[in-house]
Each structure stands twice: as C-alpha cells, then as structure tokens.
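Descriptive structure summary
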Amino acid sequence: MLKPAFKPNHSSVSVDHRVEPARDEIELSIVIPCLNEAETLAIVVRKAQAFLATHDMSGEVIVADNGSTDGSRQIANALGARLVAVEARGYGAALIGGIAIARGRFVAMGDADDSYDFLGLMPFVETLRSGADLVMGNRFRGGIARGAMPLLHRYLGNPVLSYAGKLFFGAPIGDFHCGLRAFRRDSIATLKLNSPGMEFASEMVVKAAIHGLDIREVPTTLAKDGRSRPPHLRTWRDGWRHLRFLLTYAPRWLFYYPGVALGGGGAIGLAVLAPGGFALAGVELSITSMLFAAMALLLGAQLLSFGILARLFGIVAGMWPTGRGTERFRKLFTVERGCQTGGVLFAAGCVGLAWLVADWASAGFGPMNPYALMRGAIPSMAAAVLGLQIVFTSFLIGLIDPRQR
C-alpha cells in the first residue's frame, strides 16, 4: 500500500508490488476518495472495474483513503484496487493524493458512496478524446433521484453557487459542484490544485476557466447514496467555503464592480450637491446626503484599491495569469505617479480646509452657518483622505509588484 501524505511520491511501488507501467501507457485512471465507506466501497470499485472491462479500456482504479478505520482499506486491497493512504485530511487532500499517483492519460473521479454512475463514464471519456481538458457531469440535466440531494442543495445551494461561478468566470457549466468529472491529467496538473477541503471541487473548475482550458459538460445521474451514516458534507460550512473561494478568485466582482458603483455614485452625489440642496421625488437632499455621498466615494475608492492589490498579488503568487488590462496598468503605473496624484488631491483638500479656516478667521472666529461650513468641509475632507489613500496604496503596490522594485 502506498503511504504518501499530501504529495505522494511518484516512485512508490503499487499495492501488488508488480512492475508498474509508465505514465500514459494506460488511458483512464478512476480515483475514488474514501473515508470510512465500507458499506458502499466494494460495489463502487466493482462498477469502476466493470466499466473498464466492458469497454476494453486500459485503466486502473485508485482508492485514495483518508484514514478509514472501518475496513475500507482491506476492501480496496481485496478487490485489486490501487490503494494510496493520504494522511492530510479532507476531500480535496484525498483527491490530490490519488491524482498524483494516477498513471492514466485521463483521470475520472467520483465519490465512494454509490451515488454516481461509474458505469456511465463513456460520455466523459469520449468528450476527452475529442479534445476537452475537463468534462463535468451535470446532474440537473441527467436526473436526480428522489431523496438523492437535499432540497436546500438542489434549489438554493447548487443553483446559486453554479450561477455565481458561471457569472464570475464564464465557465460553461450548469452544475459547478458535480462530484463525477473527468479530465486530461497533464492539463489539470498545470493548475497546481491545493485546496484540501470540499472547495477543491470549485478550485478545479475556477482555475481551469481562468487558464483558458477547454471545459465541457455531459449529463449524468445522481442516485441516493447507499450508506447509513450522515454524509461528510456540511451544508453551511462547506457552502460558505465554496462561496469564499469563488469570491477570492473573482476580485472584479468582490472589489472592482462594487467599488466603481459606490465611488462613481459618491462622486456624482458630491458634484451635484456641492452648489446646494434640491428636492427629488419629494425628498430633500442636502448636507446629510452630501455626507453619505462622501462616504460612498471613499469606500468605493478603498474597494478599487483592494481590487488592484488583490489582482497583482494573485498574479505574483501564480494564482491566475495576467491580462491585457493588468499589463497596461503595470506599464503606466509607478509609485511616483501614484504619489503625485495622491499628493495633488491631498493638497487640494488641505487648500479647501485652509480656505474654510481663513473664512472663519475673517469672521472673528465667531458663529458660522453650519450648512455653508459643511458644504465646503465635506468635499475638502474627501479629497484629502482620498489623496492619502492613493499615496499609501501606491506604496503597497510597490511592495507587491516586483516590477516596481
């Protein structure tokens, strides 16, 4: 039995200690993550083996065990599956361990609970043969058996997360989290997947879309699982981890678009209200509205700076490839230019505040009209704060982007 931790040793011998064929000498590796699945593992392994035999396909069945104590390992060994022990806990960790020792040109993965149809893998293989890099199953197109998926997952969780993934990354996928999928091993290896938990399912699709891989989907079915214990999936915890991952890899939606909306709206509000208040649909907009407009402008600017920093950090860390817009920004931007822009705004704000103090001094530092005071103080304050924010963000960009150093 192979006993790698998180990154298996490719030179390890197999379960039966026979000489292993070199990589790519077989067509399909079927990887099954396992944690105490003794109730269903045998039938799943047999189905995977039957698929290979029925279609006269060279292949192997790999059980990536994540620390089972119920006899699952013995079952895998008895049935002739390749067994790899993955010490790092988690769905993603188990799959990473199994995929790392796979010898096939293609790899298919599916759960050990007998909910997915391993006998129906041929559409996945045929799509890979036609040139696809990643083939996802779509349970909503293929059919979901009664009781196979909780209603909350079926009508809220999966549709919402799948829509978000499609919107954020343009992936042509209607079922973002289907556990039955197949891929070209060398293509997925370039993505350097590393999520140890359930969000591994999202990471594979997100990174494949970001790197421009050929992603397709085929209908598949979902049956009620055959185990008597509760599933490992935790609805709210794992749902949040999926959503967090999607947002982390989508700085445009997390930072840019909200920043543009808030910052643009705030700037327009300040410009419109600077001369004086006015009524809109019977509602009086004046100094208080101006204050909220300044808040929106500053918050929007902060989000935009976060977006720029996140984008650059992701590129430098290898999380995603660069783009034309980012490259144009990197060519035009320098820390000095950023500091100059911020310095001009800060100086303008200070001039405005100095003018207000001078006006107050000319009145003998006596009582002032609060409306007139705030109408000048709010834009001046916003300009000064925005200027300093640009200066500090410029230095952070200089720290993150090696080109600036």
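Just so you know, these numbers come straight off a predicted model, no measurement behind them. (Residues numbered from 1 in each chain as written. Predicted model: local features only at pLDDT ≥ 70, side-chain atom pairs only at ≥ 80, totals over all residues. Heavy atoms only, no water.)

**Notes on the overall build of the protein**
What counts here: Secondary structure elements follow DSSP: runs of H or I of four or more residues count as helices, runs of E of two or more count as strands, with numbering from the N terminus. To get the radius of gyration, use the C-alpha atoms; to get the globule rule, take the number of residues to the power 0.38 and multiply by 2.2 Å. Burial classes follow relative accessibility: with a 1.4 Å probe on protein chains only, a residue under 20% of its type's maximum area counts as buried, one over 50% as exposed, and anything between as partly exposed. Contact definition: two residues touch when any of their heavy atoms are within 4.5 Å. Computed with a 1.4 Å probe, the accessible areas rest on the Shrake-Rupley method; for each residue, only the protein chains presented here act as cover. Residues counted as positive are Lys and Arg, residues counted as negative are Asp and Glu, and His and the chain ends are not counted. The atom standing in for a charge is NZ when the residue is Lys, CZ when it is Arg, CG when it is Asp and CD when it is Glu.
Scanning the protein from terminus to terminus reveals 14 helices and nine strands. Expected size for 405 residues packed as a compact globule is a radius of gyration near 22 Å; at 29 Å, the protein overshoots this value by more than 25%. Overall size of the protein, expressed as C-alpha extent along the three principal axes, is 95 × 50 × 40 Å. Taking all 405 residues of the protein together, the buried fraction comes to 47%. Considering only contacts within the protein whose residues lie at least 6 apart along the sequence, 76% involve residues at least 24 apart. Accessible surface, the protein as shown: approximately 19500 Å² in total, 63% of it carbon and sulfur. Here the protein carries 40 positive and 31 negative side-chain charges, and the mean point of each set is 4 Å from the other.

**Details of the packing of helix H11 (residues 287–316) against helix H14 (residues 370–400)**
Selection rule: Angles here are taken between N-to-C directions and fall from 0 to 180 degrees, while the axes themselves are lines fitted to C-alpha atoms, restricted in helices to the stretch in contact. Angular relationships are summarised with four words: roughly parallel below 35 degrees, roughly antiparallel beyond 145, roughly perpendicular across 65 to 115, and oblique for the angles in between. Under the grouping applied here, Gly and all other residues not named as nonpolar or charged are polar, the nonpolar ones being Ala, Val, Leu, Ile, Met, Phe, Trp, Tyr, Cys and Pro and the charged ones Asp, Glu, Lys and Arg.
The geometry of H11 relative to H14 is characterised by a closest axis approach of 10 Å and an angle of 5° between their N-to-C directions. In terms of orientation, H11 and H14 fall into the roughly parallel class. Of the residues belonging to the contact of H11 with H14, the class tally is 23 nonpolar, four polar and one charged.

**Regarding unusual backbone geometry**
In this structure, Asp114 is a non-glycine residue whose phi angle is positive, near 65°. Its place among the elements puts Asp114 in the loop between strand E4 (104–109) and helix H4 (122–129).

**Side note on the packing of H11 against helix H12 (residues 324–332)**
Look at H11 against H12: their axes get within 12 Å of each other, and the N-to-C directions meet at 100°. Taken together, H11 and H12 sit at an angle that is classed as roughly perpendicular. On H12, the residues touching Ile308, Arg311, Leu312 and Ile315 of H11 are Thr326, Phe329 and Arg330. In terms of residue class, the contact of H11 with H12 is built from four nonpolar, one polar and two charged.

**A few points about the layout of surface pockets**
Over the atoms rolls a probe the size of a water molecule, and in doing so it shows where empty space is left. Our working definition: With a 1 Å grid laid over protein atoms only, a set of points is called a cavity when a 1.4 Å probe fits there but cannot get out and a pocket when it is open yet has protein on both sides within 12 Å along at least five of seven lines; lining residues have an atom within 4 Å of a point. Grid points are joined across faces, edges and corners, and a volume is the space filled by probe spheres set on the points.
Each pocket or cavity is described by its volume, and for the largest pocket that value is around 1300 Å³. His153, Met198, Leu233, Arg234 and Asp238 are, among the 49 residues lining the largest pocket, the residues nearest its centre. Counting only elements with at least two residues in the lining of the largest pocket, the list comes to strand E1 (26–34), helix H3 (91–101), helix H6 (151–169) and helix H9 (235–248). With nine residues, H9 is the largest single contributor of residues to the lining of the largest pocket. By residue class, the composition of the lining of the largest pocket is 23 nonpolar, 14 polar and 12 charged. The volume enclosed by the second largest pocket comes to roughly 620 Å³. For the second largest pocket, the lining is made up of 23 residues, of which Pro251, Arg252, Tyr256, Arg311 and Thr326 are closest to its centre.

**Some remarks on the confidence of the model for the protein**
Defined as follows: Across the chain, each position has a pLDDT score giving the predictor's confidence in that residue, from 0 to 100.
Of all residues in the protein, 94% have pLDDT values of 70 or greater, and the mean over the chain is 89. Long-range and interchain partners of residues 3–19, a stretch whose pLDDT sits below 50, account for 32 contacts in this model, where long-range means more than four residues apart.

**Some details on the sheet that holds E4**
Applied cut-off: Paired strands, in this sense, are two strands between which DSSP finds at least two bridges.
Taken together, the seven strands give an open sheet; going across it, the order is E3-E2-E1-E4-E6-E5-E7, and neighbouring strands pair in mixed fashion. Looking along the sheet, the strands with just one partner apiece sit at the ends: strand E3 (82–85) and strand E7 (215–219). Within the sheet, the average angular offset between the axes of one strand and its neighbour, ignoring direction, is 25°. Contacts from H3 reach E1, strand E2 (59–65), E3, E4 and strand E6 (181–184), with the element oriented near 155° to E1.

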